[in-house]
Amino acid sequence: MAAGVVVDALSNSETIVPGDSVNVGVRVFAQSADVKVKDVSLQAPRGWSAESSPEPVQQESGFRPRRETASHAAFFTVVSAKDAKPTEPYWLENPRNKTSSNGRTRRRRICRFNRR
């Protein structure tokens, strides 16, 4: 949080399949009136597209009304590449090594319980 600025990027979907689209909203919250946001852009991976779009209509919900006011907001429609590979956490991108740095085989622990 530099200079009291928070950037919040949210999509309307947690997942996307190749060739599909999602809506993305980017909101900037600045605690200081001295901070002026000129523009917000979204950089998409190769083969993907991100185009500016109008703000979607907010559905009225009795659960929790939205009370936040961003100092700047931008909205985008993002389309994934038709050949996009499924994503995975960075720590699973490379195959697991079953030996530790000292050459001994590691035991894989799935869960650790403390015994009293």
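Cut-offs used in this document
Residues numbered from 1 in each chain as written. Predicted model: local features only at pLDDT ≥ 70, side-chain atom pairs only at ≥ 80, totals over all residues. Heavy atoms only, no water. Core = buried A, V, L, I, M, F, W, Y, C linked by side-chain atoms within 4.5 Å. Buried < 20%, exposed > 50% of the residue type's maximum accessible area, 1.4 Å probe, protein only. Helix = DSSP H or I, 4+ residues; strand = E, 2+ residues; numbered from the N terminus. Contact = heavy atoms within 4.5 Å. Pairing = 2+ DSSP bridges. Axes fitted to C-alpha atoms, helices over the stretch in contact; angles between N-to-C directions. pLDDT = per-residue confidence, 0-100.

**Re the nonpolar core**
For step 1, the next point in the chain: Core analysis: the largest hydrophobic core is formed by eight residues, namely V22, V24, V26, V28, V40, A74, F76 and V78.
For step 2, the next point in the chain: Residue assignment for this core shows that the elements contributing at least two residues are β2 (21-30) and β4 (72-79).
For step 3, the next point in the chain: Looking at this core, the element that brings in the most residues is β2, giving four residues.
For step 4, the next point in the chain: With residues near it in sequence (within four places) discarded, V78 still touches I16, D20, S21, V22, V24, L42, W48, S49 and A50.

**Overview of the sheet that holds strand β1 (residues 5-11)**
For step 1, the next point in the chain: Here we have four strands laid out as an open sheet, ordered β1-β2-β4-β3, and antiparallel in their pairing. Two strands close off the open sheet at either side, each with one partner strand: β1 and β3 (49-52). Averaged over all adjacent pairs, the angle separating strand axes in this sheet is 25°, with direction ignored.
For step 2, the next point in the chain: Both β1 and β2 contribute to a ladder of seven bridges, which runs antiparallel. Considered in β2, the bridge of S11 is made with V24.

**Quick notes on the confidence of the model for the chain**
For step 1, the next point in the chain: Averaged over the chain, the pLDDT score is 79; the fraction of residues at 70 or greater is 74%.
For step 2, the next point in the chain: Taking the mean pLDDT of every element in the chain, the minimum, 90, falls on β1 and the maximum, 95, on β3.

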